[in-house]
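In case you want the letters, here they are:
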Amino acid sequence: MKVRRRDHLVCSWHQDGLRMGIPGHRRWIEVTPDLLDLLSKAGEGADTDELAEQFPAEERDRVRSAVGTLTELGVLVPQEGAPPLPPLWERWGAVAERFHDEARNANYLVHSPARVELVEDIVAEGDSPDIFKEYPDKPVVMLPRRPLRLDERVEEVFATRRTHRRFTGAPVSLDQLGTLLFHSFAPHRFIHGGPFGAQQCRVSSSAGGRHEVEAYVVVYDVEGVQPGLYHYSAARHALELLDADAPRERVAELTYHQEPSYEGAFTVFTTAVANRLAWKYRHPRAYRLWMYDAGHYGQTFALAATALGLGPFQTVAFADSEVERFLGVDPDEEFAVYLLSAGVPERPGPLVPTDFAFPPPSEVR
């Protein structure tokens, strides 16, 4: 049988040497010099016996056995008739596939004595990240402490929530902005989180109550607030001025000139202070969690904006590294995850009838 190396293989250096990820599994094998030599000789295709003959006679049986094992593991595949890579991994690549494998089937140690020991070890280690980020030395705009009432019926909010791409250019009130930021990013109350300390109760859910999401607001046209880049202090319900020079043109450059990203009354860049999660959740699956949380925050923002009569927009189309430089954050500790914006929306006209019609049931397959 002729075999060849699998197209996508991921290797990683560890303290004990080089390892190779087994495709489709959260397992790794050690890459010895002999294994590396075998994979190199297999190349784009080689017969098992031909491979064995390239090694000393006393090693050939071991080589044949290794070829069989590596084929079972998927590191080697038959040259003919090997199942093709799923289109997903052809399109997203080996690194995404490896991450997917590593993030699956994590052991959460629920109701296990090992969980108690792990929690004790984490707490004893110390260095718990701060649950709030603040810029105490920056100029502050205190936001109204009494949010606007959200009297819109919930079914009306659900029915009218849309992603808006056109805005009137009218300013947004300070009360509207304050209410939106309060419901989207501020804690409404606190509870005791046991050994992990105080936990925030926000509208958006967050893994383990860690709330790693931070909000940076670029103000263009909000009554009572000078334009500029601000950090939203969830602890103080205030805007902390980071840069008074943050025009729409700068945000346009960061967002590939996607107009609704910067043509509303303000833009919100959300980030993840990832160590708030990593401190508690120490397995690769936890890397997914900030993605989920960013989505929770984005939907809360969109629904709250709709209830306030604003038009929300959201996107991940931005230059990550440039955004992080613009915000002044360390990408090893905090990275850009989602862009949200809002303004007074242009109201769409009446629906235009079309010739589209559903097929009769008999034609539906």
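Draft legend 1. Here's a closer look at the overall build of the chain. Across its full length, the chain carries 12 helices and 15 strands. For the chain, the residues scored as buried account for 44% of the 365 residues in total. Put simply, of all contacts in the chain between residues at least 6 apart along the chain, 73% involve residues at least 24 apart. Of the accessible surface of the chain, which amounts to about 20,200 Å², a share of 52% is contributed by carbon and sulfur atoms. When the 39 positive and 54 negative side-chain charges of the chain are each reduced to one mean point, those points stand 5 Å apart.

Draft legend 2. Examining the layout of surface pockets more closely. The calculated volume of the second largest pocket comes to roughly 260 Å³. Taken together, the residues of the lining of the second largest pocket break down into eight nonpolar, two polar and three charged.

Draft legend 3. Broad picture of the pattern of salt bridges. Considering all chains together, one arrives at 20 salt bridges under this definition. The salt bridge partner of Glu334 is Lys133, with a shortest N-O separation of 2.5 Å. Pair noted here: Glu334 is in strand β15 (residues 334-343) and Lys133 is in the loop between α6 (113-125) and β7 (140-142), with a separation of 201 residues, a long-range link. Given a relative accessible area of 6%, Glu334 falls into the buried group. Between Glu240 and Arg236 there is a salt bridge, with the nearest N and O atoms lying 2.6 Å from each other.

Draft legend 4. Representation of the nonpolar core within the structure. In this structure, Phe185, Tyr232, Leu239 and Phe266 are the most contacted members of the largest nonpolar core, which totals 40 residues. Those elements giving two or more residues to this core turn out to be α8 (174-185), β10 (213-219), β11 (228-233), β13 (266-273), α11 (289-307) and β15. Contact partners of Phe185, with chain neighbours within four places excluded, come to Arg202, Val213, Ala215, Tyr232, Ala234, Val268, Thr270, Tyr297, Phe301 and Leu340.

Draft legend 5. View of the packing of aromatic side chains. With the rule as written, the count across this model stands at 10 aromatic pairs. Their ring planes at 15° and their centres at 5.7 Å tell us that Phe185 and Tyr297 sit as a pair that is stacked. Remark: Tyr297 occurs in helix α11 and Phe185 occurs in helix α8; sequence separation between them is 112 residues. Looking at Phe185, the relative accessible area reads 2%, which means it is buried. With a centroid separation of 5.1 Å and an interplanar angle of 70°, the aromatic rings of Trp290 and Phe335 are classed as edge-to-face. Residue Trp290 is located in helix α11, and its partner Phe335 is located in strand β15; the two are separated by 45 residues in the primary sequence. Residue Phe335 is classed as buried on the basis of its relative accessible area of 17%. Among the aromatic residues, those joined into a cluster by ring pairs are Phe99, Tyr287, Trp290 and Phe335. If you follow Arg98 out to its NZ or CZ, it ends over the ring of Trp28, 4.8 Å from the centre.

Cut-offs and rules
- Residues numbered from 1 in each chain as written.
- Predicted model: local features only at pLDDT ≥ 70, side-chain atom pairs only at ≥ 80, totals over all residues.
- Heavy atoms only, no water.
- Helix = DSSP H or I, 4+ residues; strand = E, 2+ residues; numbered from the N terminus.
- Buried < 20%, exposed > 50% of the residue type's maximum accessible area, 1.4 Å probe, protein only.
- Contact = heavy atoms within 4.5 Å.
- Areas by Shrake-Rupley, 256 points an atom, 1.4 Å probe, with all protein chains shown as cover.
- Lys, Arg positive; Asp, Glu negative; His and termini not counted.
- Charge placed at Lys NZ, Arg CZ, Asp CG, Glu CD.
- 1 Å grid on protein atoms, 1.4 Å probe; cavity = no way out; pocket = protein on both sides within 12 Å on 5 of 7 lines; lining within 4 Å.
- Points joined across faces, edges and corners; volume = space filled by probe spheres on them.
- Nonpolar A, V, L, I, M, F, W, Y, C, P; charged D, E, K, R; others polar.
- Salt bridge = Lys/Arg side-chain N within 4 Å of Asp/Glu carboxyl O.
- Core = buried A, V, L, I, M, F, W, Y, C linked by side-chain atoms within 4.5 Å.
- Phe/Tyr/Trp six-rings, centres within 6.5 Å; stacked < 30°, edge-to-face > 60°.
- Lys NZ or Arg CZ within 6 Å of the ring centre and 35° of its normal.

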